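What follows is each chain in one-letter form.
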Amino acid sequence: MKDLHEKGKGGHDVHWGEGVSNIPAVIAELKRQNFKGAISAEYEYNWESNSADVAASVVNFRNLVSKL
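What counts and what doesn't
- Residues numbered from 1 in each chain as written.
- Predicted model: local features only at pLDDT ≥ 70, side-chain atom pairs only at ≥ 80, totals over all residues.
- Heavy atoms only, no water.
- Core = buried A, V, L, I, M, F, W, Y, C linked by side-chain atoms within 4.5 Å.
- Buried < 20%, exposed > 50% of the residue type's maximum accessible area, 1.4 Å probe, protein only.
- Helix = DSSP H or I, 4+ residues; strand = E, 2+ residues; numbered from the N terminus.
- Contact = heavy atoms within 4.5 Å.
- Phe/Tyr/Trp six-rings, centres within 6.5 Å; stacked < 30°, edge-to-face > 60°.

1. Focus: the nonpolar core
Part 1 of the reasoning: In this structure, Trp16, Ile23, Ile27, Phe61 and Leu64 together form the largest nonpolar core, which totals five residues.
Part 2 of the reasoning: Those elements that provide at least two residues to this core are α1 (23-32) and α2 (51-66).
Part 3 of the reasoning: The residues contacting Ile27, other than those within four sequence positions of it, are Phe61, Leu64, Val65 and Leu68.

Structural data, given as structure tokens:
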């Protein structure tokens, strides 16, 4: 699952919930379906040093989940 800064081929990764993708709606739908699988965090935009970006996405994800 990725969030992008803009739609189209020029879009690049941003932290989940901060881009144009409707991440809250995706999470809500997963919850509605009782999803019990894994979700992977990827962040390719800052490939050489992306640990902080992945961590920020995880924090955003957990915050979004807590609001459901």
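2. So, the packing of aromatic side chains
Part 1 of the reasoning: Taken as a whole and assessed by the stated rule, the structure comprises one aromatic pair.
Part 2 of the reasoning: Pairing Trp16 with Phe61 gives two aromatic rings, centres 5.6 Å apart and planes at 65°, and the pair type is edge-to-face. Linking Trp16 in the loop between β2 (13-14) and α1 with Phe61 in helix α2, this pair joins segments that are 45 residues apart in sequence. Each member of the pair Trp16 and Phe61 is classed as buried.

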